[in-house]
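# Chain and residue survey
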Amino acid sequence: MDLDSPWGDVPSQSQSDAPRESGATPSSDNQSSPAPSKSTPGGSRASRKQPARRIEVQPTRLEAVDDALDPLGPLGADPIPESSASTDQAPTPPKKEVNTRGAKPVTPGYPPSDYGESVLPVGRAKGPPPVQPQAGAASRQTQPSVSVEQAAKPTFEIYVGDPHKVGDLTSSHIVYQVRTKTSSKAYKVPEFAVSRRYRDFLWLYNSLHNNNPGVVVPPPPEKQAVGRFDTNFVESRRQALERMLNKIAGHPILHHDADLKIFLESEAFNLDIKNKENREPDLGQSKGVFSSFGINVGGSSGKFVEHDDWFHDRKIYLDALENQLKSLMKAIDTVVAQRKGLADAAGDFAASLSSLAHVELSPFFSGPLQSLSDVQVRIRELYERQAQQDILTLGITIDEYIRLIGSVKQAFAQRQKAFHAWHAAESELAKRRSTHDKLMRQGKSQQDKLNEVGAGVSDAEKKAHQARLLFEDMGRLMRGELERFEREKVEDFKSGVETFLEGAVEAQKELIELWETFLLQMDAEEEAISKASLPAPREPAGLGGSSTDASNEPGDQPAASATDVALEQDA
C-alpha cells in the first residue's frame, strides 16, 4: 500500500497536477514509505516549472514538549537538581569549564556573587558584584605614593670616619675612610670603603663644577694652615665632608656623574685620575662642557650686564644673605669664645678650691670645699662640651651655606661665560657671513674659496646655536637649582636651630641638676654634723639603774658628796 508523502517526493504524484487532500498529515506509525526514485530531483524541478501547480499550506499539529527533559531547564526558571531528573533520560551534556587561571580569589568580607555557582538565566546580562567596604579596610594604613623618578632613584648612605694622621713631618696629612652603601646598579658591590684625603674632596668639587655648568655643587670646607691637626677642627671638618658627599649623592644630577663613581669606588684613585686626564686633556685643563662644544671661555671682554630681572634679584638677595650669614657666624664665634672663657674660669676656680680644701685643717670645712671644687670641674666640662656642640650644630650649618653661596656665585660666573661665549659665536658668525656675501658678489671666479667660506659659515652657525642652547639650558637649570637651594636652606637651618636650642636646654638642665645635687649633699652633711654634736640622752632614775651608774652621772656628783659627809658625821 502506498502512502502519500507529505513532501511531495513520491514519483506517482510528482507528475500529477491534482491537489493534495487538505486533511493529509504525516504518518506517525512505524511503517516506512517507499524509497524515492532517481528521477525525483528532476521531477521536482519539472514540477517547479509548471505554473499551474498550486501549493497549499499543510496544517501542523504542535505537541507540547516536556521542559523538564531539557538539560538547561525551562526558559527563565531555575535549573532542576540532578536528583529530580529521570533515570531513563538522556545523559546531561558536559558543561563548559570556566578558565579560572586569571580569576581573582574571593575577597573576604564580600558577599558571594549571585552568578558565581549557578547557571546564568537566558537574556540576562551578568553585572558586577555589589561593592561593599571591606572589613578592617579603615584601619589598614596605605603606603604613601611616590613618583616613578623617586622610586627609580638610587639611595646612598655615605659615612666619613676614622680620621688619622699619616706621613712624616713635611708631608703629614689627615686621611679619612669613606664608607658607602648604595642601591645603584652602576657600582660593583652595594657596600664598599676607600681612603681619601682633603685634596681628593677638592678635586671632586672642581670636577663636578666643570662637568655640570649651572649646577650648585656642595663645596668642601676651606683649608686651614694653623691648627689643622687639632681634635676639634678635625671633627668639624669630618662632619662637613660627610655632609658634602651625602648632598652630592642625593642630587638628582650629580649622583650620575662618573667622577663621583671614581671618587667613591676607585682603589687606585690617583692612577685613575691621571688616566682620565690623559684620555680627556681638555677636561684636565678645567674647560669642561664648553670645550666639548668648541667654545672658548678663556677670557670675557667687558662686564656682563644681566638682562634677566629674576637673576638680577637673586644676585642682590644672595649678596645680602652672605653678609648676614657672615655676621651670624661672627656672633656664633663670640658665643663659643665666651663659653670657652667660662670653662677656663670654672677650671681655675675649681683648682683654687681644691688647694684650699687640702690646706684647711677642719674636716667640717674642707669637705664642702672639695665638693664645690668637683662641681666646678663638671661645670667646666659642660661649658667646653656646649661650645663644641654650638660649632658642630649651628656653626657648621652657617659655614656650609656661606660656602654654598660661593658655589652659587660660581654657577653665575659659568652662566656669564656661557653668555659671552654665545655672543662671541654670534659675532664670529656675522663675520663669516659678511665674507661669504662679499665672495658671492664677486661672482664664480673664486668657487673653491666660496665653498670653504660657506662651510665655515655652517660651522659658525652650529657653534652659535649650541652656545645659545647651552646658555638657555643653563638658565633653566639654575632656576631649579636656586629653588632647591632655598628649600634645603630652610630645612637645614630649621634642623640646626632646633638642635642648638635642644643642646642649650639640656646643658641648663644638667647645670641645675649639678647645683641641686650639691645642695642636697651639703644639707645631708650639715645634718650629720649636728647629730654628732648633740649630748647623749640621759637614762631616768628608778628604771633599774645601779647606784654605781648613778654615781657616774655628772649631775649626781654633789648629792653623793653630801651623803659621804652625813656618814662621816654619824661615825
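Each chain has its residues counted from 1, running along the sequence as written. The predicted nature of this model means local features are confined to residues of pLDDT at least 70 and side-chain atom pairs, given and counted, to a pLDDT of 80 or more, with totals for whole chains, interfaces and linings taken over all residues. The basis for the side-chain values is all heavy atoms of the structure; hydrogens and waters are excluded.

Okay, the nonpolar core next. Grouped together as the largest cluster of nonpolar side chains are 38 residues, with contacts concentrated most on L325, I398, V408, F412 and F485. Residue assignment for this core shows that the elements contributing at least two residues are α10 (309-359), α11 (363-442) and α12 (447-533). The helix count covers DSSP runs of H or I at least four residues long, the strand count covers runs of E at least two residues long, and both are numbered beginning at the N terminus. With 16 residues, α11 is the largest single contributor of residues to this core. Contact definition: two residues touch when any of their heavy atoms are within 4.5 Å. Excluding its chain neighbours within four sequence positions, the residues that come into contact with F485 are L318, L321, Y401, L404, I405 and V408. We call a set of buried Ala, Val, Leu, Ile, Met, Phe, Trp, Tyr and Cys residues a nonpolar core when their side-chain atoms join them within 4.5 Å. Working definition: with a 1.4 Å probe on protein chains only, accessible area under 20% of the residue-type maximum means buried, over 50% means exposed, and in between means partly exposed.

For this analysis, a ring pair means two rings from Phe, Tyr or Trp (six-membered ring only for Trp) whose centres lie within 6.5 Å, classed as stacked if their planes differ by under 30 degrees, edge-to-face if by over 60, and tilted for the remaining angles. Tallied over the entire structure, the rule returns 14 aromatic pairs. Ring geometry for Y176 against F201: centres 6.4 Å apart, planes inclined by 90°, an arrangement best described as edge-to-face. Of this pair, Y176 sits in strand β2 (residues 173-182) while F201 is found in helix α4 (residues 198-211), placing the two residues 25 residues apart along the sequence. Taking the relative accessible area as the measure of exposure, Y176 reaches 1% and is therefore buried. Between W515 and F518, the aromatic rings sit 6.1 Å apart at their centres with planes inclined by 80°, giving edge-to-face as the arrangement. Placement of both W515 and F518 in helix α12 is noted, with a separation of three residues, approximately one turn of the helix. Overall, the relative accessible area of 33% leaves W515 in the partly exposed class. On the accessibility criterion, F518 (11% relative accessible area) is buried. One aromatic cluster is present, formed by Y176, F201, W203, F263 and F269 through successive ring pairs.

Let us look at the packing of helix α5 (residues 231-249) against α11. Their axes nearest at 11 Å, the elements α5 and α11 cross at an angle of 50°. In this view, α5 runs oblique relative to α11, as classed from their interaxial angle. Crossing geometry of α5 relative to α11 is assigned as right-handed. On the side of α5, the interface is formed by N232, E235, S236, Q239, A240, R243 and K247, while α11 contributes Q388, L392, I396, T397, E400, Y401 and R403. A breakdown of the residues in the contact of α5 with α11 according to their chemical character gives four nonpolar, five polar and five charged. Working convention: axes come from line fits to C-alpha atoms, limited for helices to the stretch in contact. Angles between N-to-C directions cover 0 to 180 degrees. Should an angle fall under 35 degrees it is called roughly parallel, over 145 degrees roughly antiparallel, and 65 to 115 degrees roughly perpendicular, with every other angle called oblique. Left-handed describes a crossing whose near helix is turned anticlockwise from the far helix by less than a right angle; the clockwise case is right-handed. All amino acids are sorted into three groups, where Ala, Val, Leu, Ile, Met, Phe, Trp, Tyr, Cys and Pro are nonpolar, Asp, Glu, Lys and Arg are charged, and the leftover types, Gly among them, are polar.

A few words now on the pattern of salt bridges. When a carboxyl oxygen of Asp or Glu is within 4 Å of a side-chain nitrogen of Lys or Arg, the pair counts as a salt bridge. Enumeration over the complete set of coordinates arrives at 22 salt bridges. Between E235 and R238 there is a salt bridge, with the nearest N and O atoms lying 2.9 Å from each other. On the criterion of helical spacing, the pair formed by E235 and R238 is a turn pair, its members being three residues apart in helix α5. Between E322 and K326 there is a salt bridge, with the nearest N and O atoms lying 3.5 Å from each other. Of the two residues, E322 and K326 both sit in helix α10, four residues apart, roughly one turn of that helix.

Now for empty space enclosed by the protein. Here a cavity means grid points, on a 1 Å grid over the protein atoms only, where a 1.4 Å probe fits yet cannot get out; a pocket means an open set of points with protein on both sides within 12 Å along at least five of seven lines; lining residues are those with an atom within 4 Å of a point. Grid points are joined across faces, edges and corners, and a volume is the space filled by probe spheres set on the points. Within the structure shown, the criterion is met by two cavities of 30 Å³ or more. For the largest cavity, the calculated volume is near 130 Å³. As for the largest cavity, its lining consists of V216, P218, K247, H251, Y401, L404, E481, R484, F485 and E488. At the level of secondary structure, the elements contributing two or more residues to the lining of the largest cavity comprise α11 and α12. Residue classes in the lining of the largest cavity are distributed as five nonpolar, one polar and four charged.

The next thing to look at is the environment of F269. When you line up the elements, F269 lands in helix α7 (residues 269-279). Taking relative accessible area as the criterion, F269 reaches 5% and is therefore assigned buried. When near neighbours in sequence (up to four residues on either side) are disregarded, F269 contacts R196, D200, W203, I262 and F263.

For a helix, the expected span equals 1.5 Å multiplied by the residue count minus one. Look at α5: 27 Å from first C-alpha to last across 19 residues, which is about the 27 Å you get at 1.5 Å a residue. Listing the buried residues of α5 in full gives F233, V234, S236, R237, R238, A240, L241, M244, L245, K247, I248 and A249. Packing partners of the buried residues in α5 comprise β1 (156-166), β2, α4, α6 (258-265), α11 and α12. Counted as a polar contact is a pair of N or O atoms within 3.5 Å, where, for protein atoms, one must be capable of donating a hydrogen and the other of accepting one, and residues adjacent in sequence contribute only when both atoms are in side chains. One side-chain oxygen at the N-terminal end of α5 lies 3.3 Å from the backbone nitrogen of N232; it belongs to D230.

Take a negative patch on the surface next. Among the surface-exposed residues, D344, D348, E381 and E384 lie close enough to one another that they form a single negatively charged patch. Of all the elements in the fold, those that place two or more residues in the negative patch are α10 and α11. Along the chain, the position of E384 falls in helix α11. Among the residues examined, E384 registers a relative accessible area of 40% and is labelled partly exposed. Patch membership requires more than 30% relative accessible area and the absence of a salt bridge. Residues of like charge join within 9 Å; the nonpolar side chains Val, Leu, Ile, Met, Phe, Trp and Tyr join within 5 Å. The accessible surface values rely on the Shrake-Rupley method and a 1.4 Å probe; as for residues, cover is taken only from the protein chains in view. Positive charges are assigned to Lys and Arg, negative charges to Asp and Glu, while His and the chain termini are left out of the count. Charge positions come from single atoms, namely NZ of Lys, CZ of Arg, CG of Asp or CD of Glu.

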